[in-house]
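The residues making up each chain are set out below.
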Amino acid sequence: CEKHFWNSRILLSVDAQPCDKNSVRVTYVKMQTVSHSKKSYQIGRESTLLYNWFPIDRQKIFISNTFLTRVFHRGEKSMTIGIFFIRSVFCLTFLIFQTLFLGNSLVATASDTALNDRSIVTFTTTSLDNRFFTEGASVADLDLDGDIDLIAGPFWFEGPLFTQRHTFYETTPFDPQGYSNNFFSFTHDMNNDGFPDILVYGFPGKDASWFENPGKKEELWKRHLVLERIDNESPTWTDLTGDGVPEILCSVDGFFGYAPINDADPTKPWTFHRISTQTAGGQFTHGLGYGDVDGDGRVDILEKSGWWQQPESLEEDSVWKKHSVEFSQAGGAQMFVRHVDADALPDVITSLSAHGFGLAWFRQTKGPDGQRQFQQYKITGERLSENPYRTAFSQIHAIDMADIDGDGLDDIVTGKRYWAHGPKGDPEPLAPAVLYWFRCTRGSDGKSVEFVPHLIDDNSGVGVQVCARDVSGDGFPDVLVGNKKGIFLSVQSRKQVSEKEWEFSQPKIRPPMANGLAPEEAARAMTVPPGFQVKLLACEPDVQQPIAMAFDDRGRLWVAEAYSY
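Just so it is clear, the structure is predicted and the values come from calculations on it, not from any experiment.

Engineer: Can you break down the overall build of the chain residue by residue, with the values?
Structural biologist: In terms of helices and strands, the chain carries five helices and 35 strands. Residues classed as buried in the chain amount to 48% of the 565 residues present. Across the chain, contacts joining residues at least 24 apart in sequence account for 48% of those joining residues at least 6 apart. Accessible surface for the chain amounts to roughly 28700 Å². Of this, 52% is attributable to carbon and sulfur atoms.

Written as structure tokens, this is what we have:
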């Protein structure tokens, strides 16, 4: 309990009582000081967890966790703020669970009814700010109070309520038809003082700087410029070298490479290590990622035209071996390495065009000669007919991956970047700024894979970075974005339902539909009475999904459009 509730919360009581041989009830009460509107409140949480377990077979066990929390505060009078019910379901390897906790007596008990329970995942989206400051966002416990805080643009929002914001550097809002000077945010304790700092990447081709956390002081954070230039529109921050400390992964002046923290003095410039030939493109090149592609335990670098294999030693700045694969011609967003199917070879996930259409995963196989090959499986494309659930949207400029529904498989979180190049610069700039998660499902053979689209929100979208992390403390990943529409937090909740109710709530595969004709072809194909002719007045993108029209007394035609129909 001391580890879980941190030292800034007061744990008043803990009680664990077995209910029967298949369940245990744990009750605890804790207090925490929360500041709001210049007042301090003692927030109390009385929580009860009821665990039930049922064997599925000799290898797996089903565990149902019911979580009841009553939230109250100590002030002028006692009151209940709210009651929350949370249920989660997960599977553990039975042999491990049996060895650690239960012994051999559990095998004889089962419950067929409980095995049919499923959770419906929903999200509630809140706008934290409707101004344009940033294209990215991140999370961390910046004040070390045990609650996750949100970082977006010049602000960090104090958890768990996220109503109190703090400014760590001064700036003004940007024009949504232009660009911000804050594209990405990451966190790490750069100077080892115990407090997480914030690393910010600016506009492509500009610098990377980290802002030093002042601890408990309420002041602007000191800025340290560490890399003069960062190219590529999907740079990231990850432990590439395997030393447990992340590095900047980007390109500079046409070279892919990485920049580790300056061990001697993290406030001084960091050294960029080139790993490629000068083939990385310019500052606006799209698509970059990392992962162990060949399973040798070392992290490789992915880009739109292939992957660079990390050598056994990094003592000398040698050029890594490139394996050419056309993941994308135009270049997409972040690139991930995951075991999408159930074979032993890791696969790749990315978007196909950051300013066009397309989301795909690439299955890795080996040819007769042992050569690694990648086969594309498109998830979404330009046309609705390219997705069995008729889902399509443009400008997939940011991707994150997380196990949204807790089934053990990482899902895709992505959406439409709103006004990437203004209101007229890209395909469908005025279409809804959608935010989706795609549930990864495997067939019984382990080879067939489907990503099922679930809409999170249709008026937020993504920037160039989307962050899927648990910020509410319930164990369920939430989604944080910053873009030209503002700063948005989508908090996940789950409802336990029967298998029948769950099936009814899931997206349905749509029957195939005709692709249709181009506007001019459609006009020529129409049949009209003698003496009449068809003239094209307007077509996409000027008119999209019209559902009604009417003339006014001045002869003007008014058209109603339903973008999110």
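The structure having been displayed, the exposition proceeds.
Engineer: Any details on the pairing of strand β33 (residues 486-497)? Residues and values, ideally.
Structural biologist: By the criterion of burial, β33 is predominantly enclosed, with nine of the twelve residues buried. Inspection of the sheet shows strand β32 (residues 478-483) paired to β33 by five bridges, in the antiparallel sense. Paired with Gly482 across the strands is Ile487, a residue of β33.

Engineer: I'd like to hear about the pattern of salt bridges, residue by residue, with values.
Structural biologist: One pass over the structure, following the stated rule, counts 15 salt bridges. With its nearest N and O atoms 2.7 Å apart, the salt bridge here joins Asp129 to Arg165. Of this pair, Asp129 sits in strand β6 (residues 118-129) while Arg165 sits in strand β10 (residues 164-167), and the two are 36 residues apart along the sequence. Here Arg165 falls in the partly exposed class, since its relative accessible area comes to 32%. The salt bridge involving Arg223 is made with Asp207; its shortest N-O contact spans 2.9 Å. One end of the pair, Arg223, is in strand β14 (residues 222-227); the other, Asp207, is in the loop between β12 (197-201) and β13 (208-212), and 16 residues separate them in sequence.

Engineer: So, the sheet that holds strand β21 (residues 306-309): which residues are in play, and what are the values?
Structural biologist: Strands sit in the order β22-β21-β20-β19-β23-β24-β25-β26 across an open sheet of eight strands; the sheet is mixed. Every interior strand has two partners, whereas the edge strands, β22 (321-324) and β26 (372-380), have only one. Neighbour-to-neighbour, the strand axes of the sheet open up by a mean angle of 25 degrees, direction not taken into account. Bridging between strand β25 (residues 359-366) and β26 involves eight bridges; their strand directions are antiparallel. Residue pairing for β26: Gln364 is matched across the bridge by Phe374.

Engineer: Give a description of the packing of aromatic side chains that names residues and reports values.
Structural biologist: Enumeration over the complete set of coordinates arrives at 21 aromatic pairs. Ring geometry for Phe327 and Phe374: centres 5.4 Å apart, planes at 70 degrees, overall edge-to-face. Of this pair, Phe327 sits in the loop between β22 and β23 (334-338) while Phe374 sits in strand β26; the two residues are 47 residues apart in sequence, bridging distant segments of the chain. Grouping residues by exposure puts Phe327 and Phe374 together as buried. Among the aromatic residues, ring-to-ring pairing joins Phe168, Tyr169, Phe211 and Trp221 into one connected group. The ring of Phe155 has Arg165 sitting right over it, with the charged end atom 4.6 Å from the ring centre. Above the ring of Phe504, the side-chain terminus of Lys508 is found at 5.9 Å from the ring centroid.

Calculation notes
Here the residue numbers are simple positions, counted from 1 along each chain's written sequence. Selection of residues for local features in this predicted model requires a pLDDT of at least 70, selection of side-chain atom pairs for listing and counting requires 80 or more, and totals for whole chains, interfaces and linings are taken over all residues. Side-chain calculation: all heavy atoms of the structure are included, whereas hydrogens and water are not. Starting at the N terminus, helices and strands are each numbered in turn, a helix being any DSSP run of H or I of at least four residues and a strand any DSSP run of E of at least two. For the exposure calls, accessible area comes from a 1.4 Å probe over protein chains only, and a residue counts as buried if that area is under 20% of its type's maximum, exposed if over 50%, partly exposed in between. Note on contacts: a residue pair qualifies if any of its non-hydrogen atoms lie within 4.5 Å across the two residues. In this description, accessible areas are obtained by the Shrake-Rupley approach with a 1.4 Å probe, and a residue is regarded as covered only by the protein chains that are shown. Only strands joined by at least two bridges in the DSSP assignment are considered to pair. The salt bridge criterion pairs a side-chain nitrogen of Lys or Arg with a carboxyl oxygen of Asp or Glu, the two atoms within 4 Å. In this analysis an axis means a line fitted to C-alpha atoms, helices contributing only their contacting stretch, and an angle means the value between N-to-C directions, from 0 to 180 degrees. Between the rings of Phe, Tyr and Trp (Trp by its six-membered ring), a pair exists once the centres lie within 6.5 Å; its type follows the angle of the planes, with under 30 degrees stacked, over 60 edge-to-face, and the other angles tilted. The rule for a charge over a ring is simple: NZ of Lys or CZ of Arg within 6 Å of the ring centre, and within 35 degrees of the ring normal.

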